[in-house]
Amino acid sequence: MTKQYNRRSFLRTTSIAGAAVGLNAASYSRVVGANSRLRIASVGTGGKGWSDLNGVAASPDVQVVALCDIDSSAEHLGRAAEKYQSASRYADWRKLLDESRNVDGVLVSTPDFMHAPISLAAMHLGKHVFCQKPLAHSVHEVRQMQRAAAKYKLVTQMCNQIQSHTAYRTAVHWVHEGKIGKVKEVHSWQGGSPSWPRNIQRPSGSDPVPESVRWDLWQGVAEERPYKANLYHPFQWRGWQAYGTGQLGDFGCHIMDPVFKSLGLTSPTRLTAEAPPLLPETWTNRAMVEYEFPGTDLTAGSTLKLTWYDAVGARPPREKLAQVPDDYQLPGAGSVLVGEQGSLVIPHVAMPRLFPEDRFPAAEQETIDGVNHYTQWADACRGNGETTSHFDYAGPLTETVLLGTIGIRFPDQELHWDAKTLKVTNHPDAQKWITKKYRKGWEPAWV
Ligand SMILES: NC(=O)c1ccc[n+]([C@@H]2O[C@H](COP(=O)([O-])OP(=O)(O)OC[C@H]3O[C@@H](n4cnc5c(N)ncnc54)[C@H](O)[C@@H]3O)[C@@H](O)[C@H]2O)c1
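Going by what an unreviewed UniProt entry lists, the protein is known as Inositol 2-dehydrogenase and is assigned to Allorhodopirellula solitaria.

Scanning the protein for helices and strands turns up 14 helices and 15 strands. For the protein, the C-alpha radius of gyration of 22 Å lies close to 22 Å, the compact-globule estimate for 447 residues. Over its C-alpha atoms, taken along the principal directions, the protein stretches across nearly 65 × 55 × 40 Å. Residue burial in the protein is summarised as follows: out of 447 residues, 59% are buried. Long-range contacts, defined here as pairs at least 24 residues apart, represent 71% of the contacts in the protein between residues at least 6 apart. Within the protein, the 45 negative side-chain charges are centred at a point lying 7 Å from the centre of the 48 positive side-chain charges.

The next thing to look at is the side chain of glutamine 146. Inspection of the secondary structure assignment puts glutamine 146 in helix 7 (residues 139-151). The exposure class assigned to glutamine 146 is buried, which follows from its relative accessible area of 12%.

Attention now goes to the UniProt feature "domain: Gfo/Idh/MocA-like oxidoreductase bacterial type C-terminal" (unreviewed entry) in the protein. Mapped onto this numbering, the UniProt entry annotates "domain: Gfo/Idh/MocA-like oxidoreductase bacterial type C-terminal" (unreviewed entry) at residues 207-291. Regarding residues 207-291, the helix share stands at 26% and the strand share at 12%, and the terminal C-alpha atoms are separated by 42 Å.

Further remarks concern the sheet that holds strand 6 (residues 156-159). Within the open sheet, the six strands sit side by side as 3-2-1-4-5-6. Their pairing is parallel. A single partner strand is all that each edge strand has here, and the edge strands are strand 3 (88-90) and strand 6. Neighbouring strand axes in the sheet, compared pairwise and without regard to direction, differ in orientation by 20° on average. Bridge analysis of strand 4 (residues 105-108) against strand 5 (residues 128-132) gives four bridges, and the strand direction is parallel. When the bridges of strand 5 are listed, leucine 107 appears paired with phenylalanine 130.

What follows is about the pairing of strand 4. Burial along strand 4 is two-sided: Gly105 and Leu107 facing one way and Val106 and Val108 facing the other are all buried. Bridging between strand 1 (residues 38-43) and strand 4 involves four bridges; their strand directions are parallel. Among the inter-strand pairings, valine 43 is bridged to a residue of strand 4, identified as valine 108. On the question of chirality, the crossover connecting strand 4 to the parallel strand 5 by way of helix 6 (residues 115-124) is right-handed.

This part takes up the environment of glutamate 290. Residue placement: glutamate 290 occurs in strand 9 (residues 287-294). Given the relative accessible area of 31%, glutamate 290 is considered partly exposed. A C-alpha to C-alpha distance of 31 Å links glutamate 290 and threonine 367, two positions 77 residues apart in sequence.

With respect to spatial proximity, 28 residues lie near the ligand, and among them Lys48, Asp69, His76, Asp112 and His115 are the closest. Separating a nitrogen atom of the ligand from a side-chain N or O atom of glutamine 132 is a distance of 3.1 Å. Between a nitrogen atom of the ligand and a main-chain N or O atom of cysteine 159, the distance comes to 3.0 Å. When the ligand sits alone it has 840 Å² of accessible area, and the protein chains cover 93% of it. Of all the secondary structure elements, the ones that give two or more residues to the shell around the ligand are helix 9 (215-219) and helix 10 (246-255).

Below, the discussion takes up the environment of tyrosine 374. With respect to the helices and strands, tyrosine 374 occurs in helix 12 (residues 373-381). Given the relative accessible area of 13%, tyrosine 374 is considered buried. Note: C-alpha distance between tyrosine 374 and serine 51 (323 residues apart in sequence) is 9.6 Å. Not counting residues within four places of it along the chain, the set of residues in contact with tyrosine 374 comprises Lys48, Ser51, Asp52, Gly55, Val56, Phe130, Cys159 and Gln161. Within the local environment of tyrosine 374, its side chain forms a polar contact with the side chain of lysine 48, the two groups lying 2.7 Å apart.

Mapped onto the elements of the fold, serine 138 is located in the loop between strand 5 and helix 7. When neighbours within four sequence positions are excluded, serine 138 is seen to be in contact with Leu402, Ile434, Thr435, Lys436 and Tyr438.

This part covers unusual backbone geometry. Cis geometry marks the peptide bond from lysine 133 to proline 134; its omega dihedral reads -20°. With respect to the element layout, proline 134 can be found in the loop between strand 5 and helix 7. Put simply, histidine 233 and proline 234 share a cis peptide bond, and its omega is -10°. Tracing the sequence through the fold places proline 234 in the loop between helix 9 and helix 10. The phi dihedral of aspartate 412 falls on the positive side, at around 65°, and the residue is not glycine. One can find aspartate 412 in the loop between helix 13 (391-409) and strand 14 (415-418).

Conventions we followed
- Residues numbered from 1 in each chain as written.
- Predicted model: local features only at pLDDT ≥ 70, side-chain atom pairs only at ≥ 80, totals over all residues.
- Heavy atoms only, no water.
- Helix = DSSP H or I, 4+ residues; strand = E, 2+ residues; numbered from the N terminus.
- Rg over C-alpha atoms; globule rule 2.2 N^0.38 Å.
- Buried < 20%, exposed > 50% of the residue type's maximum accessible area, 1.4 Å probe, protein only.
- Contact = heavy atoms within 4.5 Å.
- Lys, Arg positive; Asp, Glu negative; His and termini not counted.
- Charge placed at Lys NZ, Arg CZ, Asp CG, Glu CD.
- UniProt positions renumbered as here; feature names shortened; annotations may be inferred.
- Pairing = 2+ DSSP bridges.
- Axes fitted to C-alpha atoms, helices over the stretch in contact; angles between N-to-C directions.
- Right-handed = clockwise from strand over helix to strand, strands pointing away.
- Near = heavy atom within 4 Å.
- Polar contact = N/O pair within 3.5 Å; in protein donor to acceptor, adjacent residues only side chain to side chain.
- Areas by Shrake-Rupley, 256 points an atom, 1.4 Å probe, with all protein chains shown as cover.

Rendered as structure tokens:
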């Protein structure tokens, strides 16, 4: 799969008009000085992209120089263009990157299936990247993101921003302090009710494409299909396998993050999912995935079991939660770490709770202040400090989440994972989902 990046082949395969600029990361990459402004481009300026853009731009040392969105309407490109009037505007991220000589860093806030193609192209040009969660749409793409960041020595951050919130930082600190002792097992869940389509067949026919929308550009690397209103763009794409990663993909990188951070987990070695059969194109409306990870200094055994549950109203079985009292109302989403000396509940998103309560009086527990996940990246790009969800950290976390989505395709079948070789060693059919097919002319250049 290794293919040397070549600027001209990128232009040829992506059919962008205009001359090659002749840049590559080696010639372009530079350390942005601590005193200079960080010039950023934002791709996907509506939805979560709006808060990503404003979050990063909140640093006084950031200048927004380019904006890109396939939808020119007010709530997408329009609002951002109104606020950042001096920034160049684009519908096509490939054109933006072609003209990106003045760009130091790129924010990627598009739907999941475009994270890696855009981020990889930006990293090949030596741009620092701030990318939404989950990091990518396939395990292979995740590993490519890690490799590109390392190869070009770029500052990266995945936007699982709750990691920087006082709630998650405090939870991680308590585990590191050893409050609950070594951790025996973990339960993580999302019991919310998504508003996007799940478990449906694709409706026939098509709707007129709104004037503001570049449907061809929205589809990017995915196979082409007719436009349907309120089914894909905006926001609804999550439930479609071609574009999103379902409930586990939507929330796993948030909810499992403090578990990864506190215990120092790496990729799992095996997993088994329970889920109803998938329809051909959408994700299911419930799933459970049992993972086994190699143990760490903070786990009780040489392996650690983590169970993920998602369904409307889903919660882990009470009897598995050791010291968490039955009359404590579990949050709608979160994790419980069952330790040898206590249990820690990490709600998504509220301050964590330690049990049994008489051993851990709430008022006596030290809390850790939050930091700004967005400006942390901007600062690090200028050489001030480091990011905490850089791609080397976010990679194994996203890999875990995406392996779970592969498990959902093969319910009740144990999958054995070799992270080194990117192989599901016991299941050739599952292995096929480690990579994916790309629309002709849109194939990413690999590292
Ligand atoms: N970290 C969080 O808390 C959080 C919250 C919500 C969403 N997200 C993530 O943010 C990303 C976007 O989700 P959303 O809910 O905002 O989706 P959305 O569809 O509502 O918004 C995506 C925006 O990107 C634009 N866009 C789509 N494809 C594009 C392309 N190829 N080039 C340029 N612009 C493009 C759309 O027009 C829209 O403005 C997803 O990866 C999602 O998982 C993260």
